Amino acid sequence: MSHQVDEETPLLRPEEQHKIKTPLPWRQFSIILFLQLAEPVSAQAIAPFAPQLIRDLGVTHGDESRVGYFVGIMYSVFYVAQALTTLQWNRLSDHVGRKPVILTGLFGISVSMFLFGLSKTFGGLILSRVLCGALNGNGGVIRSMMIDVTDSSNMAQALGFLPIPWMTGSTLGPLIGGSLSHPADRFPRLFGQSTFLKTYPYFLACAGPALFTAFMWLVMYMLLQETFVHTKPPQPDGSNSDTVQGSPDDSQPLPVSALMTPRVLIAMSNHATLALLDIALRTLIPVFYSTPVNMGGLGLDPPRIGNILAVFGIANGLFQVFFFARLHDRFGTKLVYTCGVASSVPTIIAFPIINMLSRTYGIDATVWFAVGLQLTMSIALNMCYSCGSMYIAAASPNRASLGATNGVAHTVAACVRIIGPASAMSMFSFSVRDPYYAWAVYYFMMMLGLLAIGVSFLLPRQMWTRGN
C-alpha cells in the first residue's frame, strides 16, 4: 500500500516512517544537552542588570534615553566577534572534531564572564563581550554534534528536547544575575563588609555563570566522547541514508562555495530573519521593563526583571517539551515555523498597550496580566529554532559538511544579531527622547516580524530529501 505524504508529515524523510525509530544514545545525548546550558545561563545572567550597569558606569551622563543605546552596543559587539569567527570554528570541527572546539568555547565563556564582572569601564565590558564572541562558536558545533548522534528516525525526537537546557538556562540566568547583583546591599549580613563586592557589585552575578561553565568544561573533558567520524565510506544504496542529502563522496567536507545551494540559502535566510527578530525582541524586553513609566516603560528593578524572565523561561521550556512534538506531528514543520514567527506581531503590539495600562492604572493586576499574556504569546517564536535546525540539516549537501553548513547559517545569524540589538535599542532611545515618535521602535519591530513571515513562505511544504 502506498503511503500518503503531505506537509503534516513530521519526519525529515517520509519514506523512513516505515523504519523502527532508533533509540537515542542517552548517555552522550544528555551531556550534549547539558553543554547547551552555558550560553543561555551566561547571556541571560547579565540581562536583568545590564541597564542599571550602564547607568552605574556613567557613560550616559544621566541621560536615561541613551541607556538602551549603550546596552544595544554591548550586546552587538558579541555578535560582531562571533560573526567573524563562527564559520571558522564550525569548519574546524569538520576536520579536528567537535570536542576540542566546544572545549575552547566553554573556556572563552568562563574567562569572559569573570572579566565582565570585573569591568569598571564601558571599554572593559566591550572587551569581555568581544572575547566571549570570538572564542565561542559552540552554537552550530553543538547542533552538529546532536545531529551526529541521531539519524532521520529520531532527529525530531532529539530536537524536541532542545528547549530543556534553554528553559533551564533562561530560568537560572536571570535569577543569578538579578539576585546576586549588588550583593553587599541586598545581603548585608553576608556581604555587607566586603569592600571587593562593593567595588565590583556585579562580580558575583558574573562569577556564578563563569564557575558553572568551568564545571561544564570538566564534565565534557572527562565524559563526552567525540561524535565526528573523519572517514566514512559512502553508502552502497539509499536504504540507510542520513537525514541530509547525499553527495558523490559523503566522507569529504565541501568548500564553502559548494555549500551555497538554493536549499542552504533558503534555510539560511530563514535562520537569519528569525535570529534578527528574536534578538531584537529579547533585547528590548528587559530595557522596556527597566525604563520609567513616564518614558514608555514599566520602571521595574533588576530583581523583579530577573524573576519575570525566569518565570518566562520555565513556561517557555515546559511548553516546548510537552507541546512542540505534538504540534510538529500534527501540523508539520513549515506551518509550525510560520505560525511561530507570526506570533511576534501581537507580542510587539502588546508593548505600547502595557505602557498605557501602567500609566492609567499603575503597576497593578491588569498590567501583570498583560505582561504575562505578552510573554505567553512570544513562546511560539521559540519553536522556530527546532524547525529551523531540521531545515538546515536537510539542506546540508553531505554529512561531512554538516558543521560547515551550520557554521554558515550561524555566521549569517551572528551578522544580523549585530544589527538587531543596536538597531532596536537605537530606535527605542529615539522613541524615548521624542514623544512624537514614541511608537517608532514598535513600527521597526513590526517590520522585522513581517520580514520573517515573508521569508518563511520560501520554505518547502515537505522537507527536502536526498535526490529530490
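None of the values given here were measured: they were computed from a predicted structure.

1. So, the overall build of the chain
Thinking step 1. Tallying secondary structure elements over the chain gives 21 helices and 0 strands in all.
Thinking step 2. Taken across its 468 residues, the chain has 57% of its residues classed as buried.

2. Remarks on a nonpolar patch on the surface
Thinking step 1. Together, Ile349, Ile353, Met356, Trp439 and Tyr443 make up a nonpolar patch on the protein surface, roughly 520 Å² of accessible area in all.
Thinking step 2. At 3 residues, helix H18 (residues 344-361) tops the list of elements feeding residues into the nonpolar patch.
Thinking step 3. Its location among the elements puts Trp439 in the loop between helix H20 (402-433) and helix H21 (440-456).

3. Points about the environment of Val441
Thinking step 1. Along the chain, the position of Val441 falls in helix H21.
Thinking step 2. Measuring from C-alpha to C-alpha, the distance between Val441 and Ser431 comes to 6.3 Å, with 10 residues separating the pair along the chain.
Thinking step 3. Excluding residues that lie within four positions of it along the chain, Val441 makes contacts with Leu284, Ala424, Met427, Phe428 and Ser431.

4. A few points about the packing of aromatic side chains
Thinking step 1. Counted according to the given criterion, the structure contains 18 aromatic pairs.
Thinking step 2. Here Phe34 and Phe215 contribute two aromatic rings whose centre-to-centre distance is 6.3 Å and whose plane-to-plane angle is 85 degrees, an arrangement assigned as edge-to-face. A residue pair is termed long-range when its members are at least 10 positions apart, and Phe34 in helix H1 (residues 26-35) and Phe215 in helix H13 (residues 203-223) qualify at 181 residues.
Thinking step 3. A relative accessible area of 22% means that Phe34 is categorised as partly exposed.
Thinking step 4. Geometrically, the ring pair formed by Phe187 and Phe191 is edge-to-face, given 6.4 Å between the ring centres and 80 degrees between the ring planes.
Thinking step 5. By relative accessible area, which is 23% here, Phe191 ends up partly exposed.
Thinking step 6. Sitting over the face of the ring of Tyr200, Lys120 holds its NZ or CZ atom 5.8 Å from the ring centroid.
Thinking step 7. Its guanidinium or amino end placed over the ring of Phe331, Arg330 lies 5.1 Å from that ring's centre, counting from NZ or CZ.

5. Structural notes on H20
Thinking step 1. For H20, with 32 residues, the first-to-last C-alpha span of 46 Å sits near the 46 Å given by 1.5 Å per residue.
Thinking step 2. The element H20 is extensively covered by neighbouring structure, given that 23 of its 32 residues are classed as buried.

6. A short note on the nonpolar core
Generally speaking, nonpolar side chains in soluble globular proteins are found buried as a group.
Thinking step 1. By size, the foremost hydrophobic cluster in this structure holds 116 residues, and its most contacted members are Tyr289, Phe428 and Met445.
Thinking step 2. The dominant element in this core, judged by the number of residues it contributes, is helix H19 (residues 365-395), at 17 residues.
Thinking step 3. With sequence-adjacent residues up to four places away left out, Phe428 is seen in contact with Leu284, Val287, Phe288, Thr291, Val441 and Tyr442.
Thinking step 4. Leu87, Leu259, Met268 and Ala404 belong to the second largest nonpolar core, which has 5 residues in total.

7. Things to note about the side chain of Ser389
Thinking step 1. Summarising the element assignment, Ser389 is placed in helix H19.
Thinking step 2. Since its relative accessible area comes to 10%, Ser389 is described here as buried.
Thinking step 3. Beyond its immediate sequence surroundings of up to four residues, Ser389 is in contact with Arg143 and Leu159.

8. Description of the environment of Gly192
Thinking step 1. Looking at the element boundaries, Gly192 is found in the loop between helix H11 (188-191) and helix H12 (195-199).
Thinking step 2. C-alpha separation for the pair Gly192 and His182, spaced 10 residues apart in sequence, amounts to 10.0 Å.
Thinking step 3. When sequence neighbours within four positions are dropped, the list of residues in contact with Gly192 reads Ala184, Phe187 and Lys198.

9. Considering the confidence of the model for the chain
Reading predicted coordinates in detail is not appropriate for stretches of low pLDDT.
Thinking step 1. Here the chain averages 83 in pLDDT, and 90% of its residues register 70 or above.
Thinking step 2. Counting contacts from residues 5-18, a segment whose pLDDT is below 50, to residues more than four positions away or on other chains yields 43 contacts.

10. What to know about the packing of H20 against H21
Thinking step 1. Close contact between H20 and H21 brings their axes to 7 Å; oriented N to C, the two are set at 155 degrees. Classified by the angle between their axes, H20 and H21 sit roughly antiparallel to one another. Taken together, the residues of H21 that come into contact with H20 (itself represented by Ser423, Ala424, Met427, Phe428, Phe430 and Ser431) are Ala440, Val441, Tyr442, Phe444 and Met445.
Thinking step 2. Residue composition of the contact of H20 with H21, grouped by class: 9 nonpolar, 2 polar and no charged.

11. Re the pattern of salt bridges
Thinking step 1. Tallying each qualifying case throughout the model produces 3 salt bridges.
Thinking step 2. Between Asp148 and Arg98 there is a salt bridge whose closest N-O contact spans 2.8 Å. Of the two residues, Asp148 is situated in helix H7 (residues 138-148) and Arg98 in helix H5 (residues 98-118); the sequence distance between them amounts to 50 residues.
Thinking step 3. On the basis of relative accessibility, which here comes to 17%, the residue Asp148 falls in the buried class.
Thinking step 4. Judged by its relative accessible area of 0%, Arg98 is buried.
Thinking step 5. With a closest N to O distance of 3.0 Å, Arg282 and Asp278 form a salt bridge.

12. Section: the packing of helix H9 (residues 163-180) against H13
Thinking step 1. It is at 7 Å that the axes of H9 and H13 come closest, and there the two elements cross at 150 degrees. In terms of orientation, H9 lies roughly antiparallel with respect to H13. Crossing of H9 against H13: the hand is right-handed. Contacts from Ile176, Gly177 and Leu180 of H9 reach H13 at Leu204, Ala205 and Pro209.
Thinking step 2. Class assignment for the residues of the contact of H9 with H13 results in 5 nonpolar, 1 polar and no charged.

13. What about the side chain of Arg129?
Thinking step 1. Among the structural elements, Arg129 can be located in helix H6 (residues 122-135).
Thinking step 2. Glu39 provides the closest opposite charge to the buried, salt-bridge-free Arg129, at an N-O distance of 8.1 Å.

What counts as what
Residues numbered from 1 in each chain as written. Predicted model: local features only at pLDDT ≥ 70, side-chain atom pairs only at ≥ 80, totals over all residues. Heavy atoms only, no water. Helix = DSSP H or I, 4+ residues; strand = E, 2+ residues; numbered from the N terminus. Buried < 20%, exposed > 50% of the residue type's maximum accessible area, 1.4 Å probe, protein only. Patch = residues over 30% accessible without salt bridge, like charges linked within 9 Å, V, L, I, M, F, W, Y side chains within 5 Å. Areas by Shrake-Rupley, 256 points an atom, 1.4 Å probe, with all protein chains shown as cover. Salt bridge = Lys/Arg side-chain N within 4 Å of Asp/Glu carboxyl O. Contact = heavy atoms within 4.5 Å. Phe/Tyr/Trp six-rings, centres within 6.5 Å; stacked < 30°, edge-to-face > 60°. Lys NZ or Arg CZ within 6 Å of the ring centre and 35° of its normal. Expected span 1.5 Å × (residues − 1). Core = buried A, V, L, I, M, F, W, Y, C linked by side-chain atoms within 4.5 Å. pLDDT = per-residue confidence, 0-100. Axes fitted to C-alpha atoms, helices over the stretch in contact; angles between N-to-C directions. Parallel < 35°, antiparallel > 145°, perpendicular 65-115°, else oblique. Nonpolar A, V, L, I, M, F, W, Y, C, P; charged D, E, K, R; others polar. Left-handed = near helix turned anticlockwise from the far one by under 90°. Lys, Arg positive; Asp, Glu negative; His and termini not counted.

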